Structures are given as C-alpha cells and as structure tokens.
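Here's the letter readout for the chains.
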Amino acid sequence: MSSFQCPFCSNFMSVDFGTFAKKYVSFAEYPFESNGDPRNRTPNESCVEIDFYKCPNCEKYSIVANGLGTNVNNISSSLQPKSSAKQFPDYIPEAIRQDYEEACAIVNLSPKASATLSRRCLQGIIRDFWGISKARLIDEINELQNKIPAQQWKVIDGIRRIGNIGAHMEKDINLIVDIDPDEAQKLIKLIEHLLDQWYINRHEQELLYTDIIDIDKAKQSERKKTE
C-alpha cells in the first residue's frame, strides 16, 4: 500500500478510496479513445489527469495535474498547494525557508533557477547551523568537510556544483547544460533531508533532554521529601 505525505500538516496517510481520487479531463467530450476496446484505451491529445488527496488529519486537499495527451504532456503541476514545499517550523530561519519554498515553486517552470535557489539555501544552512561564513560557498563547504560524514560532504558539494550551472554562464556561451525538473527536485529533497537531520533532530533532541532533566529534578525533589 502506497502512502502520501500531506504538504499542509506533514501527516503520512495511506492512499486508498477514502483519501485519494483520480479524475481525467480534456478539451474533447471523452478524455480517452478506446478504438472499440475499452481495455486498450489511450488518452486523447488534450487529456489531463488530476489527482486529489484528502488528508484525514487536517482535511485539506492536495491537487496535482499531469498531462497525458501528446499536446499537454509538458504539464506537471501542483494546483494546491501551489508547490510541493513542506511547512517547516519557525525555528528554521525565515530566509532559508523562503529560498526553499521558492525553489519548490519554480522547479517545473525553471529547473536551473530552482537549483540555484537550492544552492543558496544550502549556503544559508551552513552559515546559520554550522556558523561557517566565508566569501565563497566552496570555502564554506571545504571547512565543513571534517564535521560531517564523507559521503554527505560529497553530496553537499554536488549541490554547489549543480547550482553553479544556473548561477554562472559557461565560458563557452554556446554551451548549454540543462537541468531537468526531476534533477532539480532531487536537490530540493536533499535540502529537506538536511533540514530534518540537522534542525529538526536538534530541536527534538533538545526537547527530549529538557524533559529528562525536568523529570530527574522532580524525582530528586520527591526523594528529598522522604529523607
């Protein structure tokens, strides 16, 4: 059974008849052409698939449109919310959250620009979370090298280099290096992973430590009363 994470409340839900519905629309009266055999139906040139997800936790709808027909197969868009951005807590700096949300919003419209924003978001994370601030991102990442696992450092440096494609013109201006939406989306997923692993894990750890310290204080106070 597949699952879906609600972008509004981050709740994971099972995808079933109670939470998911798929509709098809087109310019023509019928979205599909069956050629007399309904088992072999094919989408007509304007057929668009619309997926509805209803979250049982917050009861909000997520709506996604995907073009199936030959004349609309460039459509791949989140209708509600406007992007796939997760709602991260306020203790993550607003500037970082804004860059992340904008990267999500334009991932299909301009993958290069989205990758550049992921690169900028990464720089903000390094400066805020790790306290490393230098003139160039490459210098900041190099200083980070001995503080995180080697594979993670290599992936983070990869974000920098991929983001450079959108941020800087090639020496040969006739050379075009494209970034497709799926590739830009993977950079966004990594930013989400870093926000979860660093900020959210640290916050939850601090809450847990505080709770345990408070429990210990309360228990020690109870013991003193009996002495």
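Residues numbered from 1 in each chain as written. Predicted model: local features only at pLDDT ≥ 70, side-chain atom pairs only at ≥ 80, totals over all residues. Heavy atoms only, no water.

The protein chain has the name DUF4145 domain-containing protein in an unreviewed UniProt entry, where Eubacterium plexicaudatum ASF492 is given as its organism.

A. Structural view of the environment of Phe 20. Positionally, Phe 20 belongs in strand β3 (residues 20-25). We classify Phe 20 as partly exposed; its relative accessible area is 22%. Counting along the chain gives 41 residues from Phe 20 to Tyr 61, while the straight-line C-alpha distance between them is 9.6 Å. The residues touching Phe 20, leaving out its near neighbours within four places in the chain, are Val 15, Asp 51, Phe 52 and Tyr 53. (Helix = DSSP H or I, 4+ residues; strand = E, 2+ residues; numbered from the N terminus. Buried < 20%, exposed > 50% of the residue type's maximum accessible area, 1.4 Å probe, protein only. Contact = heavy atoms within 4.5 Å.)

B. Structural view of helix α1 (residues 94-105). Over its twelve residues, α1 runs 16 Å from end to end, which matches the ideal 16 Å to within 8%, given 1.5 Å per residue. Taken together, the buried positions of α1 are occupied by Ile 96, Arg 97, Asp 99, Tyr 100, Ala 103 and Cys 104. Seen along its axis, α1 keeps its buried residues to an arc of 165°; they face one direction. Turned more than 90 degrees away from the buried face of α1 sit Glu 94 and Ala 95, all of them exposed. Against the buried residues of α1 lie α2 (111-129) and α5 (181-226). (Expected span 1.5 Å × (residues − 1). Arc of directions from axis to C-beta.)

C. How the structure looks around the domain arrangement of the protein chain. Split by domain assignment, the protein chain resolves into domain 1 (3-80) and domain 2 (94-218). For domain 1 versus domain 2, the separation of C-alpha centres amounts to 31 Å. (Domains from an automatic or database assignment.)

D. Broad picture of the state of the cysteines. For the coordinates displayed, the defined rule picks out zero disulfides. The thiol sulfur of Cys 121 is not disulfide-bonded, and the nearest other cysteine sulfur, from Cys 104, lies at 8.9 Å. (Disulfide = S-S within 2.5 Å.)

E. Spatial organisation of the side chain of Gln 123. Residue position: Gln 123 is located in helix α2. The residues touching Gln 123, leaving out its near neighbours within four places in the chain, are Arg 136, Leu 137 and Glu 140.

F. Just the packing of aromatic side chains, in detail. Here the structure, examined in full by the defined rule, presents eight aromatic pairs. Pairing Tyr 24 with Phe 32 gives two aromatic rings, centres 4.8 Å apart and planes at 75°, and the pair type is edge-to-face. Residue classification places Phe 32 among the buried residues on the basis of a relative accessible area of 18%. With 5.2 Å between their ring centres and 65° between their planes, Phe 129 and Tyr 199 make a pair best called edge-to-face. Of this pair, Phe 129 sits in helix α2 while Tyr 199 sits in helix α5, and the two are 70 residues apart along the sequence. (Phe/Tyr/Trp six-rings, centres within 6.5 Å; stacked < 30°, edge-to-face > 60°.)

G. Focus on the packing of α1 against α5. Remark: α1 packs on α5, axes separated minimally by 10 Å, with the N-to-C direction vectors making an angle of 150°. Our classification of the angle between α1 and α5 gives roughly antiparallel. Here α1 runs over α5; the crossing is left-handed. Across the interface between the two elements, Ile 96, Tyr 100, Ala 103 and Cys 104 from α1 touch Ile 188, Ile 191, Glu 192, Leu 195 and Tyr 199 from α5. In the contact of α1 with α5, the residues fall into eight nonpolar, no polar and one charged. (Axes fitted to C-alpha atoms, helices over the stretch in contact; angles between N-to-C directions. Parallel < 35°, antiparallel > 145°, perpendicular 65-115°, else oblique. Left-handed = near helix turned anticlockwise from the far one by under 90°. Nonpolar A, V, L, I, M, F, W, Y, C, P; charged D, E, K, R; others polar.)

H. Quick look at the nonpolar core. Counting residues in hydrophobic clusters, the biggest one holds 35 residues, and the most contacted among them are Tyr 100, Leu 122, Ile 125, Ile 156, Ile 191, Leu 195 and Trp 198. Contributions of two or more residues to this core are made by α1, α2, α3 (137-144), α4 (150-167) and α5. Broken down by element, this core gets its largest block of residues, ten residues, from α5. In contact with Trp 198, other than residues within four places in its own chain, are Ile 125, Phe 129, Trp 130, Leu 144, Ile 148, Gln 152 and Ile 156. (Core = buried A, V, L, I, M, F, W, Y, C linked by side-chain atoms within 4.5 Å.)

I. The arrangement of the confidence of the model for the protein chain in detail. Per-residue confidence for the protein chain gives a mean pLDDT of 88; residues scoring 70 or more make up 92%. The weakest mean pLDDT in the protein chain belongs to strand β8 (residues 76-80) at 84; the strongest belongs to strand β6 (residues 48-54) at 96. Below a pLDDT of 50 lies the segment residues 172-176, which in the model reaches two contacts outside its immediate sequence neighbourhood of four places, other chains included. (pLDDT = per-residue confidence, 0-100.)

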